[in-house]
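Okay, here's what each chain looks like letter by letter:
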Amino acid sequence: MKPSIAAKLAQLGDRLDEVSTLLSSEEATRDMDTFRKLNRERSELEPVVGLYHAWQSCEADIATALEMAEDPEMREFADAEVKEGRARLEQIEIDLQKQLLPKDPNDDRNVFLEVRAGTGGDEAALFAGDLFRMYVRFAERRRWQVEIISESVGEKGGYKEVIARIIGQGAYSVLKFESGVHRVQRVPATETQGRVHTSACTIAILPEADEVSDVVLNPADLRIDTFRASGAGGQHINKTDSAVRVTHLPTGTVVECQDGRSQHKNKAQALAVLAARIKNKQEHEAHSKQAAERKSLVGSGDRSERIRTYNFPQGRVTDHRINLTLYKMDHIMDGDISELTDALMAEHQAEQLAALADEN
């Protein structure tokens, strides 16, 4: 291990001791914001410091085994211990490198999932419905909550657009690479001659903004309109102007919310989506300055190119960014997308490790 890394790990160990002392003091809960921040910091420090202690222990074990190897009667046993210890040490160092990679500050946030039908007319709307169900099923598998914020239903089913909030620990870290154009190749239900059509949908994954610190919405920059929600009617038909449309005048960003029956709730939801979109736009502009250094669309959220193709006749799903093809269409459309999300996260991590090696 490089001395600079060892020094940094030692500092992190000292900081963990300091944070633990602060949390155990009688005054720890007087300021709950500070208390929560310290708890979060401790949970982030504990894994890396634990690995560092394991590395130190492994180093000590290897040193002891090398001393034992000087005794001819113990040499065979000691050599085996050294070999095993060095293999374990190598794995710990890899794990430590991963822990030291720069963290995305949004990783633990909830997300807004936006699914929009693109080229392909009715078939694109039907596929948007299939994709939305896929993500809902994936969220259910993770025991995350899903709240529909707004929806515009297609004429023959599916969605022209649907926006939902997904609530779950680490939701953004898992789903952030899903942003992009998703293409489908299949025979539409409306196709009488059995021809395969190609359609597309756009997925956007936006981290939920922190109301307090992330985005400040000036009331003077907002135009808020209310209107009667559209729907199928029946006993719950909306007889009041509860639907809300918020327009951010400086950027022209418009968000509508009509899912809830309360105008107050719809306004709050619309403002939350608006804040997330503005935050995403600000971060995208900042990241675009470094775009020339990136060779992959992984994590960029760039929706100008297709990122994934779902070919139903062949039963395959291909992610073009990492050249991964899976022949398990039914499982994937039922929400079993962990193999895809894990592979994308691993690829991103590999890029970070390569960049870290270049810096050192």
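Procedures and definitions
- Residues numbered from 1 in each chain as written.
- Predicted model: local features only at pLDDT ≥ 70, side-chain atom pairs only at ≥ 80, totals over all residues.
- Heavy atoms only, no water.
- Phe/Tyr/Trp six-rings, centres within 6.5 Å; stacked < 30°, edge-to-face > 60°.
- Helix = DSSP H or I, 4+ residues; strand = E, 2+ residues; numbered from the N terminus.
- Buried < 20%, exposed > 50% of the residue type's maximum accessible area, 1.4 Å probe, protein only.
- Pairing = 2+ DSSP bridges.
- Axes fitted to C-alpha atoms, helices over the stretch in contact; angles between N-to-C directions.
- Contact = heavy atoms within 4.5 Å.

Caption draft 1: A look at the packing of aromatic side chains. Under the definition given, this model contains 4 aromatic pairs. Centroid distance Phe132 to Tyr159: 5.5 Å. Interplanar angle 80°. Geometry classified as edge-to-face. You can see Phe132 sitting in helix H4 (residues 121-141) and its partner Tyr159 sitting in strand S3 (residues 159-167), a full 27 residues away along the chain. Here Phe138 and Trp144 contribute two aromatic rings whose centre-to-centre distance is 6.0 Å and whose plane-to-plane angle is 90°, an arrangement assigned as edge-to-face.

Caption draft 2: Local environment of the pairing of S3. Most of S3 sits out of view: 7 of its 9 residues are buried. The pairing of strand S1 (residues 111-117) with S3 spans 6 bridges and is classified as antiparallel. Looking at S3, one finds that Arg116 is bridged to Glu161. Both strand S2 (residues 145-153) and S3 contribute to a ladder of 8 bridges, which runs antiparallel.

Caption draft 3: Fine view of the sheet that holds S1. Across the sheet, 8 strands lie side by side as S2-S3-S1-S5-S4-S9-S10-S11; this open sheet has mixed pairing. Since the sheet does not close on itself, it has two edges, and those belong to S2 and strand S11 (324-326), each with one partner. Taken over all neighbouring pairs, the strand axes of this sheet differ in orientation by 15° on average, direction set aside. One ladder, built from 4 bridges, connects strand S9 (residues 306-311) with strand S10 (residues 316-319); its direction is antiparallel. Among the inter-strand pairings, Arg308 is bridged to a residue of S10, identified as Asp319. Docked against the sheet, H4 engages S1, S2, S3, strand S4 (180-186), strand S5 (197-207) and S9, running at close to 115° with respect to S4.

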